[in-house]
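# A structural walkthrough
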Amino acid sequence: MIPACEEVEKAHIELLPSPFLSAVIQDCMKAGVDVTAGGAKYNLSGIQMIQVANIADSLAAVWQLVYQEKRITGGELLTALCDNFVGHEVVRALVQHKAPKFGNDIAWVDALGTKWAHYFREKLTQYKNYRGGPYHTGMYTVSAHVPMGENVGATPDGRLAGEPLADGGMSPVYGRDCKGPTAVLQSVSKLDNVLTSNGGLLNMKFLPEFFATQSGIEKFAMFLRTFVDLKIPHVQFNVLRGEDLLAAKKNPEKYRGLTVRVAGYTAYFTELDGKLQDEIIARTEYGSL
Amino acid sequence: MSGQEKGLIFDIRRFSTHDGAGLRTTVFIKGCALRCAWCQNPEGIAPNPQLAYFAGDCILCGLCTKIADGATSIADGKLSLDLQKVRQPELYEVTCPAATLRMDSRYDTAENLVEEVLRDRPFFRHGGGVTLSGGEPFFQAEFTLALLRLFKKAGVHTAVESSLCTAFEKLESALPYIDTLFADYKIADCALHEKATGMDNRQITDNLEKVLSSPYRDRVVVRTPLIPGYTATTENLSAICRRISAWYPKVRYELLNYNPLAKAKYAHMEYAYCFAENKPIYTKAQMQEFYRIARSAGVKHLMMDAL
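Let us look at the structure shown here. Since the structure is predicted, the reported quantities are computational estimates derived from the model, not experimental observations.

This part covers the interface of chain B and chain A. With 30 residues of chain B at the contact, the number on the chain A side is 30 residues. In total, chain B and chain A occlude about 2,500 Å² of area from one another, counting both sides; carbon and sulfur atoms represent 59% of this. Taken together, the connections running from chain B to chain A amount to three salt bridges. Across the pair B:Arg14 and A:Asp105 runs a salt bridge whose closest N-O atoms are separated by 2.7 Å. The interface formed by chain B and chain A includes 14 residue pairs in polar contact (both at pLDDT 80 or more). If you list the elements that add at least two residues to the side of chain B that touches chain A, you get strand 1 (6-16), helix 1 (89-95) and helix 3 (121-124) of chain B. For the side of chain B that touches chain A, the element with the most residues is strand 1 of chain B, which contributes four residues.

Residue and element names in this part refer to chain A. Taken together, Ile55, Leu59, Trp116 and Tyr119 make up a surface patch of nonpolar side chains, about 350 Å² in accessible area. Listed by contribution, the elements that provide at least two residues to the nonpolar patch are helix 4 (52-68) and helix 7 (107-124). Its place among the elements puts Trp116 in helix 7. Looking at Trp116, the relative accessible area reads 34%, which means it is partly exposed.

Attention now goes to the pairing of strand 2 (residues 135-138) of chain A. Residue and element names in this part refer to chain A. Burial along strand 2 is two-sided: Tyr135 and Thr137 facing one way and His136 and Gly138 facing the other are all buried. Two strands pair when backbone bridges link them, and strand 1 (residues 45-48) and strand 2 are joined in this way by four bridges, in the parallel orientation. Within strand 2, the position partnered with Ile47 by the bridge is Thr137.

This brings us to the pattern of salt bridges. Between side chains of opposite charge, a pair can form as their charged atoms come close. Under the criterion given, the structure shown has 25 salt bridges over all chains. Note that A:Lys190 is salt-bridged to A:Asp105, the shortest N-O span being 3.8 Å. Taken together, the residues span a long stretch of sequence, with A:Lys190 in the loop between helix 9 (181-189) and strand 3 (203-206) and A:Asp105 in the loop between helix 6 (89-97) and helix 7 at a distance of 85 residues. For A:Lys190, a relative accessible area of 38% gives the class partly exposed. Across the pair B:Arg223 and B:Glu254 runs a salt bridge whose closest N-O atoms are separated by 3.1 Å. In this pair, B:Arg223 is assigned in strand 11 (residues 220-225) and B:Glu254 in strand 12 (residues 252-256), connecting sequence segments 31 residues apart. Like B:Arg223, the residue B:Glu254 is buried in the burial classification. Beyond isolated ion pairs, a larger network of salt bridges with shared partners links A:Asp105, A:Lys190, B:Arg14, B:Arg119 and B:Asp120.

All right, on to the side chain of B:Thr224 then. All names here are of chain B. Among the secondary structure elements, Thr224 is positioned in strand 11. On the basis of relative accessibility, which here comes to 0%, the residue Thr224 falls in the buried class. Within the local environment of Thr224, its side chain forms a polar contact with the side chain of Tyr253, the two groups lying 2.6 Å apart. The residues contacting Thr224, other than those within four sequence positions of it, are Tyr185, Lys186, Thr231, Leu237, Ile240, Tyr253, Glu254, Leu255 and Leu256.

Conventions adopted
Residues numbered from 1 in each chain as written. Chains lettered and ligands numbered in written order. Predicted model: local features only at pLDDT ≥ 70, side-chain atom pairs only at ≥ 80, totals over all residues. Heavy atoms only, no water. Contact = heavy atoms within 4.5 Å. Buried area = accessible area lost by both parts, 1.4 Å probe. Salt bridge = Lys/Arg side-chain N within 4 Å of Asp/Glu carboxyl O. Polar contact = N/O pair within 3.5 Å; in protein donor to acceptor, adjacent residues only side chain to side chain. Helix = DSSP H or I, 4+ residues; strand = E, 2+ residues; numbered from the N terminus. Patch = residues over 30% accessible without salt bridge, like charges linked within 9 Å, V, L, I, M, F, W, Y side chains within 5 Å. Areas by Shrake-Rupley, 256 points an atom, 1.4 Å probe, with all protein chains shown as cover. Buried < 20%, exposed > 50% of the residue type's maximum accessible area, 1.4 Å probe, protein only. Pairing = 2+ DSSP bridges.

Dropping the structure here:
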């Protein structure tokens, strides 16, 4: 990965110098060197972690079912993964339903995500980027969890080969956060903010009905205040009904104006790739519980 | 009181937004003496843990059919469960890999539950707390009292949703630990109440009068769930409102809109739901009309936020 990053940075120097950006970044003007060529005082490069929730869920399943309960052997699980769970439906059901998941405020499962994210970050400290600066990490996927998922085989959390990875970067795998949005915030708050120095992203979807009453709006405000108290670096909301998105996918001409938050930007839903549309539809919806 | 009291609960729901002020966690306590024909939580009626079947994720693996009880069978691509034959319910829960067969409730200590609820304490700080619901919380009165005491000791706002179908002494001992008591008053007429809920309302009426005459009456919100043909009649709402406003003119009163979603829960229940053909929820205009009836029957303090 590091040599590949270096090639990209070399290409940036040659093909994408950014004089205007350099003009507003400390020391570039003084040194007379473009930011892409290392003219800045701080020469950071950010690498994003994707699928932290899948790692936590996968390791939790292995720990619980293979080591603790011994319901399946490591060999059986490996065979099931190699076969993309085809013919191993019971194994898949077990890892999906009989092992705890990230995002439900379960300390030991959340800790698995944090532990391996730190491991990755530690490894990166051994390297310097092409401009001589350090690598740091972020946890946001924009939409990359969809194409990247296409290149990842079946995982021990029950995810099939090619399916999207956990969205957002900090978000739980959609549909697996069964304890509601407060538990999601608690779990995500366990991720050390040093892991997201290059940015983090948490996606949440609420139903419009939730905002229909004054008290619903007040309760949402309390939710946001607690989000701030918990020192989570980012959250973004889609306030939509799943059926509306399905209808928009089917009849895009009627829904040209429908916008959704994707990642740090808002996009017209009908202009998104079909797979990304499906992925947004599948995100867990929170309504009035 | 040690916190070691054990109780049977069938759910803990965080981010509860309809069970009191702010963001709350609701603990559903199992068991209820009433059999309301429209019960929204029929899984909370029986006082014991039961095996439940949640068809959604069933992969028809057939592992449960090998259990000696022989309570499950697969035919035409569907699993059927005969609860009468179940002897070892926990075994079904352990065996089922997809968690579609699972126990509907669990025993736990008051101390453990309090700890679990307090996980959302950062949210309670902005106005919120715990709500005890059911079932009927006073069906396990000692346990409910133990929970309430521990929650108050921890400084958490407490709400209780109750039918008041319990001995008054039990209610009385809990009142000092309840910040908001949501007291259901469903049907004013004694005979109609018995027909719809399996019990007459003498105890409930008596308890409500006592509570509304007690020093805690400002902590009470009387609620009537609007069930078409059962509770949502002009006659019934007028009678309820005349009665409660006579007991306490400043009584707070709330009408709960009919919830058609409850019917779906009865698919695998031994009880029948009140409507074979479901009814729609009431429109805003209809709700306003119900509140008008309540106001003209003497209730001044109407909780109308849901409108």
